[in-house]
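# Chain and residue survey
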Amino acid sequence: MKFTFEGSAAEFNAATMEEVLLRLVQTRGRRNAVICLLCLALLAVGIWSFFMGSSKRCAVFGVLALLLFLYLRRSSAVAAGRAQQTILRLLEAENAQSEEEHERVFTYTFEGSVCTMSSNGKVLGTWAWTSLDRVGEADGVIALWRVDSEAHQSVLPIPQKCLKDGTLDEFRDYLNGWLDGKKRVTYYKIPAYLRELLN
């Protein structure tokens with residue numbers, strides 16, 4: 001099966017910025033879950049210590065849980081700040097483009113395990129995956145992550161609205177076929193306060 005995405009440089013640039021927010025939501029969700037579980041475990045041990053007659057130990061575990069919670073809040077703010085800096089750099093690069101570059105048409109064609117990227121009929125390169133690590137989706141973008149042979153991760157953000165051949169459901173099924181094991185295309189909701197970073 002063949003899938004074609006075609007759109008302007010501006011549309012693909014917008015998808016890149018959406019991918020930054022998608023990655024932020026994805027990593028934040030994992031980290032928050034782990035830290036929340038640790039906080040709950042500390043609180044449970046603190047409550048258990050209180051009932052066992054050790055109020056000092058209960059206080060220590062309570063303080064540790066509070067510190068973990070504060071760390072979670074601080075690290076979330078730092079991650080949002082980094083995402084905003086990345087988006088600003090992308091916006092600066094986009095604004096530096098000439099009008100001709102901005103309106104340039106890009107075509108991404110997915111066939112087999114290869115995405116061929118071209119612009120105005122000229123092939124720019126290919127993006128092949130032998131092991132697709134994960135696929136994330138948010139309103140407007142699908143992001144494909146792969147791990148290269150040197151253990152570097154690369155990402156390919158694709159604007160959903162640029163799909164010309166096939167449907168999004170068929171494309172998701174196609175991608176699910178390339179994911180290992182139980183992994184599937186995962187949808188992430190990007191909160192409004194993060195979307196404001198794009199403005």
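Residues numbered from 1 in each chain as written. Predicted model: local features only at pLDDT ≥ 70, side-chain atom pairs only at ≥ 80, totals over all residues. Heavy atoms only, no water.

Time to look at the confidence of the model for the chain. Low pLDDT marks regions whose predicted coordinates should not be analysed in detail. Here the chain averages 76 in pLDDT, and 55% of its residues register 70 or above. The least confident element of the chain is helix α2 (residues 55–95), whose mean pLDDT is 64; the most confident is strand β1 (residues 2–8), at 93. (pLDDT = per-residue confidence, 0-100. Helix = DSSP H or I, 4+ residues; strand = E, 2+ residues; numbered from the N terminus.)

The strand order β4-β3-β2-β1-β8 describes an open sheet built from five strands, whose pairing is antiparallel. With one partner strand each, in any of the chains shown, β4 (122–128) and β8 (163–165) form the two edges of the open sheet. Neighbour-to-neighbour, the strand axes of the sheet open up by a mean angle of 25 degrees, direction not taken into account. When β1 meets strand β2 (residues 105–111), the two strands line up antiparallel, connected through seven bridges. Bridging across to β2, Phe3 finds its partner in Phe110. Sitting on the sheet, helix α4 (residues 168–176) touches β1, β2 and β8, and the angle it makes with β1 is about 120 degrees. (Pairing = 2+ DSSP bridges. Axes fitted to C-alpha atoms, helices over the stretch in contact; angles between N-to-C directions. Contact = heavy atoms within 4.5 Å.)

Further remarks concern the pattern of salt bridges. One pass over the structure, following the stated rule, counts six salt bridges. Asp133 is the salt-bridge partner of Arg134, the closest N and O atoms lying 3.2 Å from each other. Here Arg172 and Glu137 are joined by a salt bridge, their closest N and O atoms 2.7 Å apart. Here Glu137 lies in strand β5 (residues 132–138) and Arg172 lies in helix α4, a separation of 35 residues in the sequence. One salt-bridge network, held together by shared partners, links Asp133, Arg134 and Lys183. (Salt bridge = Lys/Arg side-chain N within 4 Å of Asp/Glu carboxyl O.)

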